[in-house]
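# Examination of the molecular architecture
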Amino acid sequence: MAEQEEELSTTPTETIAPSLPPTRVKKIMKLDKEINKVNSEALFLISCCTDLFLEFLAEESARVAIQKKRKTVNLEHLRVAVKRHRPTSDFLLESLPVASEPVVDRPKMAERSRARTAEKPVPAGTRRIDDFFRKDS
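Note that the structure is a prediction, hence the values are computed from the model and not measured.

## A short note on the side chain of Arg79
Position of Arg79 relative to the elements: it lies in helix H4 (residues 75-84). Of the side chains bearing the opposite charge, Glu76 lies closest to the buried Arg79, which forms no salt bridge; the N-O distance is 9.1 Å. Side-chain polar atoms of Arg79 contact the backbone oxygen of Leu96, separated by 3.1 Å.

Structure, rendered in structure tokens:
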């Protein structure tokens, strides 16, 4: 029993520091009209809980992105992660924006620039830059 007490006293204590700026968290908390003063312990706990929650959301969104064989997490992955976790989806799903539908008929930038230059008439005695780089067959 004495050995266990020595082990507990010799182990280094880990300090926990939230990554969110406390002043910003305090301002957000005070947006609620019912909150007038914010205790330092409450501020610390809210900051730590927010860190853990954001870490959880990031990990779950990354899992969804990996399952869909993507390297970048996007809004769709975040929405799926929130839907899968019932307690989170109850309050957060309504706040997330809906992913926009991909536009199929939208021409690419290069095609648009070619179409624009094809419409303009070329002055007499000149030629287009595209003609300069085109290979003659």
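## Points about the packing of aromatic side chains
Inspection of every chain in the model, using the stated rule, returns one aromatic pair. With centroids separated by 6.0 Å and ring planes inclined at 35°, the aromatic side chains of Phe53 and Phe91 adopt a geometry described as tilted. In this pair, Phe53 sits in helix H3 (residues 40-67) while Phe91 sits in helix H5 (residues 86-92), placing the two residues 38 residues apart along the sequence. Given the relative accessible area of 29%, Phe53 is considered partly exposed.

The rules behind each value
- Residues numbered from 1 in each chain as written.
- Predicted model: local features only at pLDDT ≥ 70, side-chain atom pairs only at ≥ 80, totals over all residues.
- Heavy atoms only, no water.
- Helix = DSSP H or I, 4+ residues; strand = E, 2+ residues; numbered from the N terminus.
- Buried < 20%, exposed > 50% of the residue type's maximum accessible area, 1.4 Å probe, protein only.
- Lys, Arg positive; Asp, Glu negative; His and termini not counted.
- Salt bridge = Lys/Arg side-chain N within 4 Å of Asp/Glu carboxyl O.
- Polar contact = N/O pair within 3.5 Å; in protein donor to acceptor, adjacent residues only side chain to side chain.
- Phe/Tyr/Trp six-rings, centres within 6.5 Å; stacked < 30°, edge-to-face > 60°.

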